[in-house]
Amino acid sequence: MGPARAGGLRRATVGRCVGEMAPQPPSEPAAARDDPAALGAAAAGAESAFAPGADPMAGLGAAAFGRATGIVALATFASRLLGFLRNTALADRFAASNLTDAYNVAALIPLVLFAAVGVAITTVFIPLFAGLLAGQDRRAAERFAANVNGAVTVAVGALIIVLEACAGPLVRTLLAHWNPADQALCIRLVRITTPLILFYAWSAIVGGVLNVRGFFGPNAAMGVPQNLIIIAAVVLGSRGGRQDIAWVAWGGLAGTFTTYLVQLPALRRSRFRVGWRLDLRDPLLRRMGRLVGPAALTALAQQTGSLFVYVLGSRLAAGLITDFTYASRLQVLAYSILGMSIATVVYPTMAAAGAAGDLARLRRTFARGIGLVSAVTVPVAVGLCLFRAPVVRVAFQHGHFTPADAAATAVPLALLSLGTVPYAWQDYLNRTFFSLQDTRTPMTAGLAGTAVGIALAFALYRPWGLAGLALAMALGWSAAVLVLVVRLRRRLGLLGGRRIAATVVRLAVAATVAFVPARLALGALALRLGGGWTGDAAALAACGLLALAAYAGLGRALGVAEVAAGLDVARGMWRRLRGAHA
């Protein structure tokens, strides 16, 4: 590692975020490094790998947490903003039609399979890899990363071959209600998009290495070039009045490859190499294999629920799958900018505490993180529910996307917004169990939530259409969270549940009081600003910012400490933005 930069954020690790002192791990005997159980325990001191012989967490508190999370949030914001523009461009050029339905299904099928691979890498690989670095065994860490790289490449390569061969029967089975032409289009698109599983897998491995090494920004920003390429493909596929959705699929494939490429410069700066090897006798790889199964099934269960919703949506009118997709992406957008950034930055600290058996520290980190996640997701849920129609109009209603499409998208958005907090909590709770190297509990909860969601979706989609599918997904996430909370309390003891519940109630009150007047004033302000798309967009931006400012003020007035911490994150983003332009 190069010399540390004073005040530099590049090596700000998750442990710094919570301002806790991490105990230095005892020096580990060489023999223990060959014992996979001992290697897992070594993750307790993962942070020491960034500055050997020193505790990088010392003396850092909430301000460092804001700056560190700000790096991830700012990079994620850029990626998500371009993702939003990508969806806007797709709606503008292709509307909500059988073409976009086919594309969305074709994009989801490989992602269902990748979810199992990606979650397994990020939740199982990171603690084991961090354990090797904690033991100061850099060479073993490089061998392990290379071995995982080789094993994943072989396994995913075989999976791609199978999916390419089975694309026809799979699509015709899932989308039996579609006409043959639409089925043929979807099959063609699936065969284009399937190889992206491998590119995502490579990207996840490199991203995991970078996160443990303290480089969070490149992984969060990798969606920037990806979305730029897809936007270019949307334009090329619709020029001259034509609508060739295959261009978008090829753009998605090329863009996914860049998510791997853009992380390589940071990997070189970290002075760490991820090579290629395959040694199935490696005890640590075998340990990862034993842990991977439940984690993979957890992600697979969640994505299967989404695929089932698409299958039921295929029985409704053409274009409704696309309307539902746009609604779900809007619901995830705001959470992913800050909520997911917080979870990403906190996870290695929880992994270190869990591996060390320091349950008291894990409880403190969990409570702090869940409060912060709630502080950013509660206003998202309230705001999206109240502002659903104007948000969809501003985001998508232009070009080929009609007012009827906008109205159809706003309905599921309102109900999906109710599941924003459970959606965020499920992700954070899963990471807490992964920190304890428990992958079975998230699997059980995920399967339970998926079962509830599928059962409700099947019962509600005929009478309620997209609204029924959205409500089913929100209730499925809630069911999974209930299982996770009950199991975590049994595992860790008291979690401060009353305080967390009181915090969420105060946050909900603050968000409601702040957003309701802003929503009532929106229509009149839009007319005063001239109406049309420009007036709607300006009014929405003004009312939204005022509502967020009022929410922050009310939250602080109600004594919610997490709101102040969230403002630290925002200030960290602003400092990074100013520094980038200085």
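A quick note: this is a predicted structure, and the numbers were derived from the prediction, not measured.

A. Summary view of the nonpolar core. Ranked by size, the top nonpolar core spans 154 residues in total, and within it Phe129 and Leu189 carry the most contacts. With 19 residues, helix α4 (residues 98–134) is the single largest residue contributor to this core. Contacts of phenylalanine 129, omitting those with residues within four sequence positions, involve Ala141, Phe144, Ala145, Val209, Val212 and Phe272.

B. The arrangement of the environment of glycine 493 in detail. Turning to its location among the elements, glycine 493 is positioned in the loop between α19 (466–492) and α20 (497–528). The class for glycine 493 is partly exposed, based on a relative accessible area of 26%. Taking the C-alpha atoms as reference points, glycine 493 and arginine 363, 130 residues apart in sequence, are found 8.7 Å from one another.

C. Structural context of the side chain of glutamine 263. Within the secondary structure layout, glutamine 263 lies in the loop between α10 (246–261) and α11 (264–269). The exposure class of glutamine 263 is buried, given its relative accessible area of 0%. For glutamine 263, the side chain forms a polar contact with the side chain of serine 203, separated by 2.8 Å. In contact with glutamine 263, not counting residues within four places along its chain, are Ser203, Val206, Gly207, Leu210, Pro218, Asn219 and Met222.

D. Focus on the side chain of asparagine 87. In this fold, asparagine 87 is placed in helix α3 (residues 62–94). Residue asparagine 87 is classed as buried on the basis of its relative accessible area, which comes to 6%. If we ignore the near neighbours within four places in the chain, the residues touching asparagine 87 are Tyr326, Arg329 and Phe396.

E. Layout of helix α7 (residues 196–213). Between its first and last C-alpha atoms α7 spans 26 Å; for 18 residues at 1.5 Å apiece the expected length is 26 Å, and the two agree. Across the 18 residues of α7, 18 count as buried, placing the element largely inside the fold. At the exit of α7 stands glycine 214, carrying a positive phi of roughly 95°.

F. View of the confidence of the model for the chain. Predicted confidence across the chain gives a mean pLDDT of 79, with 82% of residues reaching 70 or more. At the level of individual helices and strands, the chain shows its lowest average pLDDT in helix α2 (residues 36–41), which scores 29, and its highest in helix α6 (residues 180–193), which scores 95. Throughout residues 1–62 the model reports pLDDT below 50, and contacts reaching past four residues in sequence, or to other chains, amount to 128 contacts.

G. Here's a closer look at helix α21 (residues 532–557). A rise of 1.5 Å per residue sets the reference length of α21, with its 26 residues, at 38 Å; its end C-alpha atoms lie 37 Å apart and thus fit the reference within 8%. Here α21 has its buried residues at Gly535, Ala537, Ala539, Leu540, Cys543, Gly544, Ala547, Tyr551, Ala552 and Gly555.

H. Inspection of the packing of helix α9 (residues 223–238) against α10 at higher detail. In contact at an axis separation of 8 Å, α9 and α10 are set at 165° when each is read in the N-to-C sense. In terms of their interaxial angle, α9 and α10 are classed as roughly antiparallel. Taken as a pair, α9 and α10 cross one another with a handedness that is right-handed. In contact with Pro225, Gln226, Ile229, Ile230, Ala233, Val234, Leu236 and Gly237 of α9, α10 contributes Trp247, Val248, Gly251, Gly252, Ala254, Gly255, Thr256, Thr258 and Thr259.

I. The arrangement of the packing of helix α5 (residues 138–174) against α6 in detail. The contact between α5 and α6 brings their axes to 9 Å, and the two run at 150°. Relative to α6, α5 is oriented roughly antiparallel. The chirality of how α5 crosses α6 is right-handed. Residue-level contacts link Glu164, Ala165, Ala167, Gly168, Val171 and Arg172 of α5 to Gln183, Cys186, Ile187, Val190 and Arg191 of α6.

Rules behind the numbers
- Residues numbered from 1 in each chain as written.
- Predicted model: local features only at pLDDT ≥ 70, side-chain atom pairs only at ≥ 80, totals over all residues.
- Heavy atoms only, no water.
- Core = buried A, V, L, I, M, F, W, Y, C linked by side-chain atoms within 4.5 Å.
- Buried < 20%, exposed > 50% of the residue type's maximum accessible area, 1.4 Å probe, protein only.
- Helix = DSSP H or I, 4+ residues; strand = E, 2+ residues; numbered from the N terminus.
- Contact = heavy atoms within 4.5 Å.
- Polar contact = N/O pair within 3.5 Å; in protein donor to acceptor, adjacent residues only side chain to side chain.
- Expected span 1.5 Å × (residues − 1).
- pLDDT = per-residue confidence, 0-100.
- Axes fitted to C-alpha atoms, helices over the stretch in contact; angles between N-to-C directions.
- Parallel < 35°, antiparallel > 145°, perpendicular 65-115°, else oblique.
- Left-handed = near helix turned anticlockwise from the far one by under 90°.

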